[in-house]
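Secondary and tertiary structure notes
Chain by chain, the residues:
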Amino acid sequence: MTILPIATVPDPILKAISTPVDRVDDQLRAFMDDMLETMYAAPGIGLAAIQVGRPIRLLVMDISEDADTRDPQYYINPVITWTSSDLATYNEGCLSVPEQYADIDRPAECRLTYLDYHGVEQQVHATGLFATCIQHEIDHLNGIVFIDYLSSLKKSMAVRKVRKLVRED
Ligand code: ZN
C-alpha cells in the first residue's frame, strides 16, 4: 500500500466538485486501501479522494475510539437523503487544514445512501461524531472545506498558518 500526499489549503484542487464513481472494481479498491493507509498514517478519522488529488465521490472513515480495533468504512457516491433540524457543534479539524480547529454547527443526525467497498448499495442513519464526520467529508466532494464556514478573517488566518506550517516542513 502507498501513502499518498495530502493537499492542503489553499490548494485549488480542494475547491473541485468531484464526479460520481461509475465502477467499483479492484483498481478502485486498491485506491481506497491507499486512502485508508494515508488516513491512518496522518493520523485522521476521515479522508475524501479529492484530498489526495482525485476528484471522485469517494471517502474513507474510521471513527472507532480504540486504536487497536480498526473499523474502516468506505463510502462511494454518498448522498444525504435527510438531515435533522436540530444541530450539533463539534470542534472540527481537517487533514487539509493541519493543526487548525474550529467549532462548526451541522445537523445532529442525517441519513444517507452510498455504495460500499463491494459496490453494494447501503443506507445508514448517522448520529453523533459519525454524522458530523460524514457531512464534513461529503462537503469535500462539493469543494467545501470546514473553514469556508468561518468569517473571512478567521478563514484567512487559518490559511496563513497552514501555509507557514507547510513551508516549515
Ligand atoms: Zn476535511
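This is a predicted model, so every value here is computed, not measured.

1. Quick word on helix H1 (residues 26-41)
- Across its 16 residues, H1 extends 22 Å between first and last C-alpha, which sits within 8% of the 22 Å expected from 1.5 Å per residue.
- Looking at the buried side of H1, the elements it contacts are strand S1 (46-48), strand S2 (58-61) and strand S3 (73-83).

2. Examining the environment of Gln 100
- Counting through the fold element by element, Gln 100 comes out in the loop between strand S4 (87-92) and strand S5 (102-107).
- You can call Gln 100 buried: its relative accessible area is 13%.
- With 11 residues separating them in the primary sequence, Gln 100 and Arg 111 have C-alpha atoms 28 Å apart.
- Those residues in contact with Gln 100 that sit more than four places away from it in its chain are Glu 92, Gly 93, Phe 146, Ala 158, Lys 161 and Val 162.

3. Re the pattern of salt bridges
- The final tally for this structure, using the stated rule, is 6 salt bridges.
- Between Arg 29 and Asp 26 there is a salt bridge, and its shortest N-O distance comes to 3.0 Å. Placement of the pair is Arg 29 and Asp 26 together in helix H1, with a separation of 3 residues, close to one helical turn.
- The exposure class assigned to Arg 29 is buried, which follows from its relative accessible area of 17%.

4. Considerations on the environment of Pro 107
- With respect to the helices, strands and loops of the structure, Pro 107 is situated in strand S5.
- Here the alpha-carbon distance between Pro 107 and Leu 87, two residues 20 residues apart in the chain, equals 4.2 Å.
- In this structure Pro 107 touches Thr 83, Ser 84, Asp 86, Leu 87, Ala 88 and Gln 135, once residues within four positions along its chain are discounted.

5. A closer look at the nonpolar core
- Among the nonpolar cores identified, the biggest contains 18 residues, and Leu 28, Phe 31, Met 32, Met 35, Ile 56, Leu 58 and Val 60 are the most heavily contacted of them.
- Of all the secondary structure elements, the ones that give two or more residues to this core are H1, S2 and S3.
- Broken down by element, this core gets its largest block of residues, 7 residues, from H1.
- Sequence-distant contacts of Met 32, that is, excluding residues within four places in its chain, are made with Leu 58, Val 60, Tyr 74, Ile 76 and Tyr 117.

6. Considering the environment of Leu 28
- Here Leu 28 is to be found in helix H1.
- Exposure remark for Leu 28: the relative accessible area of 6% places this residue in the buried category.
- Each C-alpha atom of the pair Leu 28 and Tyr 117 lies 9.0 Å from the other, and the pair is 89 residues apart in sequence.
- Those residues in contact with Leu 28 that lie beyond four places of it in its chain are Val 21, Arg 23, Ile 56, Leu 58 and Ile 76.

7. Observations concerning the side chain of Asn 77
- By the secondary structure assignment, Asn 77 is in strand S3.
- Take Asn 77: its relative accessible area is 18%, and that puts it in the buried class.
- Of note is the side chain of Asn 77, whose polar atom sits 2.7 Å from the backbone nitrogen of Val 21.
- Look past the residues within four positions of Asn 77 in its chain and what remains in contact with it is Pro 20, Val 21, Arg 57, Thr 113, Tyr 114 and Leu 115.

Conventions used here
- Residues numbered from 1 in each chain as written.
- Predicted model: local features only at pLDDT ≥ 70, side-chain atom pairs only at ≥ 80, totals over all residues.
- Heavy atoms only, no water.
- Helix = DSSP H or I, 4+ residues; strand = E, 2+ residues; numbered from the N terminus.
- Expected span 1.5 Å × (residues − 1).
- Contact = heavy atoms within 4.5 Å.
- Buried < 20%, exposed > 50% of the residue type's maximum accessible area, 1.4 Å probe, protein only.
- Salt bridge = Lys/Arg side-chain N within 4 Å of Asp/Glu carboxyl O.
- Core = buried A, V, L, I, M, F, W, Y, C linked by side-chain atoms within 4.5 Å.
- Polar contact = N/O pair within 3.5 Å; in protein donor to acceptor, adjacent residues only side chain to side chain.

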